[in-house]
Amino acid sequence: MDNQVIWIVLKKLRIPFLVLLFTFSVSIIGLMLIPTVDNSGHIYHLNFFDAFYFVSYMATTIGFGEGPYAFTYPQKLWVTFSIYITVIGWFYAIGTIVALIQDESLKKAINIRKFITQIKYLKEDFFIILGYNRITKEIINNSNFRFVVIDKIEEKVDELYLEEFNPYVPAIAGDGMNENILKYAGIKLKYCKGVISLFEDDAKNMQIATICKLLNPNIELIVKATSKNQEDYYKSLGIKYIVNPFKIISDRIYLNLTKSYIWLLELWAFGHKLSLEKKDFLPKGNYLICGYGGMGHALEEGLKRADISFNILKIDSKNYEQEKGTVIFGDEEDQKLLENFDIKNVEVIIAATNNDLLNLTIINKAKKLNPSIITIARENSLDGITIFQASDIYRLYVLEKITAEYAIINISRPLVNTFIKEIRKKENEWAEIIVNMLKNIAGENPIYYEITINEKSAYALILKLKKGKKITLGDIRKSRANRNELLKIVYLLLKRGEEIILMPTPDIEIQENDRLLIASNDENLEDFEYIINNIYELEYVLGEG
């Protein structure tokens, strides 16, 4: 890349340099050949240095005067000629230099060189994000990794720099499907943990996934999918982190209808309070799905699994707009369409098209025809969230928000992601017991905490384990204020290599590099961290001090 910058500069300045060299050479040679006289009247010829020195300040219009002796008329005539040709040469060269400074290819080469240098000195684990938008901005703000951003649009890169992220986020304007750009971004470096591709274009995500796996087969990928075929393709590439917002919404509705406490535990992982109210439960009556794209198909599958009666209004936003010249739903024809689906006896309507305004107007029309209907809407973007909220919709699924949340969990809270996958395999009765246990031990709104048992996170505990001391999960759950009492913490999950233990029991012995997911409150988590890092506190709870 250094060679490319030099090559561009040399290519652009080659002719101006030759022009300057020619004009200077002609002027200098002429002055050296034309004789003058010294102060004693003897014939004198300027040497090369004197001629070069004079032409240098003459051509740059500085003008120190004649020297070393006063010029004769022949010399003055030659200098007059030289002034014009050298000044013209300088103007041409300066104009070319100014144009070079503004040259897009040079700016691009310099930016790439700067970007490569920034990546070279990035000595922390990082993810490459393809595309800068609201979703990826949310990921950068709420994750504990470093990031490198590639976006095809230069204005987006400028927008990122205006955010002044801390720590600094290197970014480059380029095509994320370009192998060289991905290499510049460090896809082959040991600190690169993965690539995030969450574009709306499914084909683009699939192409990016393929290219990234070819460049680095060991790289982790977090990709967006909107169909089962896509998910199957990604799985064939060995990709573990697949974000399908349509499937997520369908699964949540299914869990709400069939396994409400598992649904609650999953929502709690995303910040929901750990309690259910009557209004949180969806009814098991008639449903109407409006829209039969990716989300409509996913909802169809989810409602079938839940054994719920439903109909589908196969409305496509593009076709609707072409036919009616608007995406505002609600004329007489639309009303008749809803009445044909017996809208007055529908208990839940789900507006699931890919147009926010169409979804909103479908919901509003349905509520006018059936004021008691429960409304669920898909919102594709966060742009119009206040309008949706003002419409008093029972449940709103914002695709951008869901996509960002799941990407963040995959990156920053992998044990939570594993916990969600594991609890979905359980029965509702099991989840109800866990919810009640969490509330009884850790309070109404416990928080979760991930820790790896190593010297960095559990210094004192590792010292004891290396000395051969056998320590169980129950041993380190004792209070440092009174070891006969227990800390108010719950072990949710233990991961040991590829082995996953859900709700591990207190008698399990701890091993180095075990990863734990714990639920508790701030005070008890602080005590827990203090115990595993302070040798005196650890010895006290172990009964050694």
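The rules we used
Residues numbered from 1 in each chain as written. Predicted model: local features only at pLDDT ≥ 70, side-chain atom pairs only at ≥ 80, totals over all residues. Heavy atoms only, no water. Helix = DSSP H or I, 4+ residues; strand = E, 2+ residues; numbered from the N terminus. Rg over C-alpha atoms; globule rule 2.2 N^0.38 Å. Buried < 20%, exposed > 50% of the residue type's maximum accessible area, 1.4 Å probe, protein only. Contact = heavy atoms within 4.5 Å. Areas by Shrake-Rupley, 256 points an atom, 1.4 Å probe, with all protein chains shown as cover. Phe/Tyr/Trp six-rings, centres within 6.5 Å; stacked < 30°, edge-to-face > 60°. Lys NZ or Arg CZ within 6 Å of the ring centre and 35° of its normal. Axes fitted to C-alpha atoms, helices over the stretch in contact; angles between N-to-C directions. Parallel < 35°, antiparallel > 145°, perpendicular 65-115°, else oblique. Nonpolar A, V, L, I, M, F, W, Y, C, P; charged D, E, K, R; others polar. Patch = residues over 30% accessible without salt bridge, like charges linked within 9 Å, V, L, I, M, F, W, Y side chains within 5 Å. Salt bridge = Lys/Arg side-chain N within 4 Å of Asp/Glu carboxyl O. Lys, Arg positive; Asp, Glu negative; His and termini not counted. Charge placed at Lys NZ, Arg CZ, Asp CG, Glu CD. Pairing = 2+ DSSP bridges.

**Structural notes on the overall build of the chain**
Next, step 1: Helix and strand counts for the chain stand at 22 helices and 17 strands.
Next, step 2: For a compact globule of 545 residues, the expected C-alpha radius of gyration is about 24 Å, and the chain comes in at 36 Å, more than 25% above that figure.
Next, step 3: Along the first, second and third principal axes, the C-alpha atoms of the chain reach 120 × 80 × 40 Å.
Next, step 4: Sorting the 545 residues of the chain into buried and exposed places 49% on the buried side.
Next, step 5: Expressed as a percentage of contacts within the chain between residues at least 6 apart in sequence, the contacts between residues at least 24 apart total 65%.
Next, step 6: A total of about 27,900 Å² of accessible surface is found on the chain, and carbon and sulfur atoms cover 53% of it.

**So, the packing of aromatic side chains**
Next, step 1: Taken as a whole, this structure holds 14 aromatic pairs when the rule is applied.
Next, step 2: Relative to Tyr168, the ring of Tyr161 has its centre 6.0 Å away and its plane inclined at 10°; by these criteria the two rings are stacked.
Next, step 3: Take Tyr161: its relative accessible area is 30%, and that puts it in the partly exposed class.
Next, step 4: An aromatic cluster is built from Phe49, Tyr53, Phe54, Tyr57 and Phe71, whose rings are joined through pairwise contacts.
Next, step 5: Positioned above the aromatic ring of Phe199 is the side chain of Lys204, whose terminal nitrogen or guanidinium carbon lies 4.2 Å from the ring centre.
Next, step 6: When the ring centre of Phe270 is taken as reference, the NZ or CZ atom of Arg252 above it lies at 5.1 Å.

**Some words on the packing of helix α10 (residues 245-258) against helix α17 (residues 399-412)**
Next, step 1: Packing of α10 against α17 brings their axes to within 10 Å, and their N-to-C directions diverge by 95°. It follows that α10 is roughly perpendicular to α17 by the angle criterion. Together, Pro245, Phe246, Ile248, Ile249 and Arg252 of α10 and Leu399, Ile402, Thr403, Glu405 and Tyr406 of α17 make up the contact between the two elements.
Next, step 2: For the contact of α10 with α17, the per-class residue count stands at seven nonpolar, one polar and two charged.

**A look at a negative patch on the surface**
Next, step 1: Residues Asp522, Glu523, Glu526 and Glu529 make up a contiguous surface patch of negative charge.
Next, step 2: Take Asp522: it is sitting in helix α21 (residues 522-533).
Next, step 3: By relative accessible area, which is 59% here, Asp522 ends up exposed.

**Some details on the sheet that holds strand β11 (residues 348-351)**
Next, step 1: Taken together, five strands build an open sheet; the order of strands is β10-β9-β11-β12-β13 and the sheet is parallel. Because the sheet does not close on itself, it has two edges, and the strands there are β10 (310-313) and β13 (395-398). Adjacent strand axes in the sheet meet at a mean angle of 15° when their direction is disregarded.
Next, step 2: Together, β9 (287-290), β11, β12 (374-379) and β13 form the strand contacts of α10, whose direction differs from that of β13 by roughly 150°.
Next, step 3: Along the sheet face, helix α15 (residues 356-369) touches β9, β11 and β12 and points at about 175° away from the line of β12.

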